[in-house]
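Structural characterization, general
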Amino acid sequence: MKKIRFGILGAGAVAYENTGLFNQNPNVELVSVTSRTKEHAEKFAKKFEMTSYYTDYNTMFEKEDIDAVVICTPNYLHAEMAIAAAEARKHVFCEKPLTTNLEDANKIIAAVNKAKIIFMYAAHQRFWTAYQILKEIIDKEVLGEISFVRARFSHKGPYTSWRASSKDRWFFDKVKAGGGVLLDLGIHHIDTLIWLFGDISELTGASMGTFCKEMTWEDVASVVFKFKSGIICELETSWCDLPSNIIEVHGFNGIISLQALNYKSEPKIEFFPKKLKRNELVQSLKPDMFMENVKKKMTDHFVECILENKEPVANAIDGKKALEVVISAYKLC
Ligand SMILES: NC(=O)c1ccc[n+]([C@@H]2O[C@H](COP(=O)([O-])OP(=O)(O)OC[C@H]3O[C@@H](n4cnc5c(N)ncnc54)[C@H](OP(=O)(O)O)[C@@H]3O)[C@@H](O)[C@H]2O)c1
């Protein structure tokens, strides 16, 4: 079978992580990389035994025979790169957030539809087995009618918990990042929550502050919103606290809480009342499910979607839905 030929956009921390995972897929051939700094592109190409490297992605699109690109650049570049890739008929795997504003999100969706390419939004939490079982628990109404959800996602932030590598520390740049912790971490959980509970109808509250980082955007945020089903949700996110990744669901028949705390330490699964344990799905939830390599599952899924010409579990529309909530919160504060 002909391998899918990949070009990577960006040669920073996430580019290394994603490319390492794509490299493990037998149907992938890594061909080329583009980064702003020539030496970074060159080093990256050498590491992954690529045949070429560039500092301009349009040149890469013109010169190289590639089928798919992986966008791992600062947020403000996602839209122009995704649109250019779609116009050049390349399939796109795009890091979160989809982009930094809704106008660009619409342009990406239009370009993807026009080119009929496969576009995957990097929503890796959807690949966690524990969250997939939680989705089944919710869909099968094991907890009865659900009224309330509490969610939290935090770590110490970029350049501390997350070793972003480019020198300009773009995560703290108002334009290049396009937002603070809500756009960076909160958006992961917003996507997961929409996938679990359906579309959001209204954002009813938002509160944000800057506590620990030298930046104009928020490093701590809390938002309250309602799903179309009426379920109320409270989401907290922070770049100033210890790592936590929590989703707690309150139903008329019981409560279930998944706490992945830290990817490296022991996660916790709690529920109440005890009789919930009689349910097979609840029984099947195991804390070590949070230790699996979900990003490997996500990158393999993108390859499978290209090979089978099928829609990824998260696409550009999903990226836009999560972004809409963040933008609404910024408007409110
Ligand atoms: N899914 C996740 O869990 C996760 C986690 C963290 C980050 N992310 C996302 O991944 C993306 C990349 O983040 P990162 O942490 O990898 O950042 P990073 O380490 O700072 O890397 C950014 C890369 O983009 C390149 N770049 C910057 N400006 C450029 C330009 N004008 N043209 C071409 N390349 C340019 C940099 O180039 P040079 O260094 O060569 O100058 C660098 O290679 C972001 O969108 C971020 O939100 C996702």
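Residues numbered from 1 in each chain as written. Predicted model: local features only at pLDDT ≥ 70, side-chain atom pairs only at ≥ 80, totals over all residues.

What the chain contains, in helices and strands, is 11 helices and 13 strands. Expected size for 333 residues packed as a compact globule is a radius of gyration near 20 Å; at 20 Å, the chain falls within 12% of this value. Principal-axis analysis of the C-alpha atoms places the extent of the chain at approximately 60 × 45 × 40 Å. Taking all 333 residues of the chain together, the buried fraction comes to 45%. (Helix = DSSP H or I, 4+ residues; strand = E, 2+ residues; numbered from the N terminus. Rg over C-alpha atoms; globule rule 2.2 N^0.38 Å. Buried ≥ 20, exposed ≤ 12 C-beta atoms within 10 Å, placed from the backbone.)

Take the domain arrangement of the chain next. Entries for the chain in the domain assignment read domain 1 (4-123 + 297-313) and domain 2 (125-292 + 322-332). Facing 16 residues of domain 1, the contacting portion of domain 2 comprises 20 residues. Of all elements in the fold, only α5 (102-115) and α10 (294-308) reach the threshold of two or more residues within the side of domain 1 that touches domain 2. Taken together, the residues of the side of domain 1 that touches domain 2 break down into 10 nonpolar, 4 polar and 2 charged. (Domains from an automatic or database assignment. Contact = placed C-beta atoms within 7 Å. Nonpolar A, V, L, I, M, F, W, Y, C, P; charged D, E, K, R; others polar.)

Turning to the site of the ligand, a few remarks are in order. Residues in close proximity to the ligand total 25 residues, the closest being G12, V14, T37, H40 and S166. Both domain 1 (4-123 + 297-313) and domain 2 (125-292 + 322-332) contribute no fewer than three residues apiece to the shell around the ligand. (Near = placed C-beta within 6 Å.)

It is worth spelling out helix α8 (residues 181-197) at this point. For α8, which comprises 17 residues, the first-to-last C-alpha distance of 22 Å matches the rise-based estimate of 24 Å (1.5 Å per residue) to within 8%. A bend of about 45 degrees at I187 is the largest found in α8. Extensive coverage of α8 is indicated by the burial of 15 of its 17 residues. One or two positions beyond α8, positive phi appears at G198, with a value near 95 degrees. (Expected span 1.5 Å × (residues − 1). Bend = angle between axes of the 7 residues up to and from the residue.)

With that settled, the discussion passes to the sheet that holds strand β8 (residues 200-209). With respect to topology, 7 strands assemble into an open sheet ordered β8-β9-β10-β7-β11-β12-β13, the strand pairing being mixed. Only two strands of the sheet have a single neighbouring strand rather than two, namely β8 and β13 (268-272). On average, each strand axis in the sheet is inclined to that of its neighbour by 10 degrees, with strand direction left out of account. Its contacts with the sheet put helix α6 (residues 129-139) on β7 (146-154), β11 (244-251) and β12 (254-259), and the angle it makes with β12 is roughly 165 degrees. (Pairing = 2+ DSSP bridges. Axes fitted to C-alpha atoms, helices over the stretch in contact; angles between N-to-C directions.)

Here the focus is the environment of K140. Checked against the element boundaries, K140 lands in the loop between α6 and β7. Assessed through the 10 C-beta atoms surrounding it within 10 Å, K140 is described here as exposed.

Burial analysis of strand β10 (residues 232-238) places 5 of its 7 residues in the buried class, the great majority of the element. Both β7 and β10 contribute to a ladder of 7 bridges, which runs parallel. Opposite V149, over in β10, you have C233 as the bridge partner. Where strand β9 (residues 220-227) meets β10, 7 bridges bridge the pair, whose relative direction is antiparallel. The partner of V223 across the bridge, within β10, is L235. In sequence, β9 turns back onto β10 through a hairpin of 4 residues, with G230 there showing a positive phi of about 100 degrees.

With that settled, the discussion passes to the sheet that holds strand β2 (residues 28-34). Reading across the sheet, the 6 strands line up as β3-β2-β1-β4-β5-β6 and stay open at both edges, with parallel pairing between neighbours. With partners counted over all chains shown, the strands left at the sheet margins are β3 (52-54) and β6 (119-121), one partner each. For this sheet, the mean inter-axis angle between neighbouring strands, taken without regard to orientation, is 20 degrees. Where strand β5 (residues 91-94) lies against β6, 3 bridges are found, and the strand directions are parallel.

A few words on the packing of α6 against α8. Their axes nearest at 9 Å, the elements α6 and α8 cross at an angle of 35 degrees. Along its contact with α6, which presents Y131, L134, K135 and I138, the element α8 presents T192, L196 and F197.

Attention now moves to the nonpolar core. Membership of the largest hydrophobic core comes to 100 residues, with the highest contact counts inside it found for I71, A82 and V92. Ranked by the residues each element gives to this core, the list is headed by α8, at 9 residues. Of the residues that make up this core, three or more belong to each of domain 1 (4-123 + 297-313) and domain 2 (125-292 + 322-332). Apart from residues no more than four positions distant in its own chain, V92 is found in contact with V69, I71, A82, A85, A86, I117 and F119. (Core = buried A, V, L, I, M, F, W, Y, C linked by C-beta atoms within 7 Å.)

With that settled, the discussion passes to helix α1 (residues 13-23). V14, A15, N18, T19 and F22 are the residues of α1 that are buried. In a view along the axis of α1, the buried residues occupy a sector of 120 degrees, so they form one face of it. Elements in contact with the buried residues of α1: β1 (4-9), β2, α2 (38-47), β4 (68-71) and α10. (Arc of directions from axis to C-beta.)

Another aspect to go through is unusual backbone geometry. Between K96 and the following residue, P97, the backbone shows a cis peptide bond with an omega angle of -10 degrees. Within the secondary structure, P97 is located in the loop between β5 and α5. Between F272 and P273 the backbone carries a cis peptide bond, its omega angle lying at 0 degrees. One can find P273 in the loop between β13 and α9 (280-284). In this structure, E49 takes a positive phi of about 50 degrees despite not being glycine.

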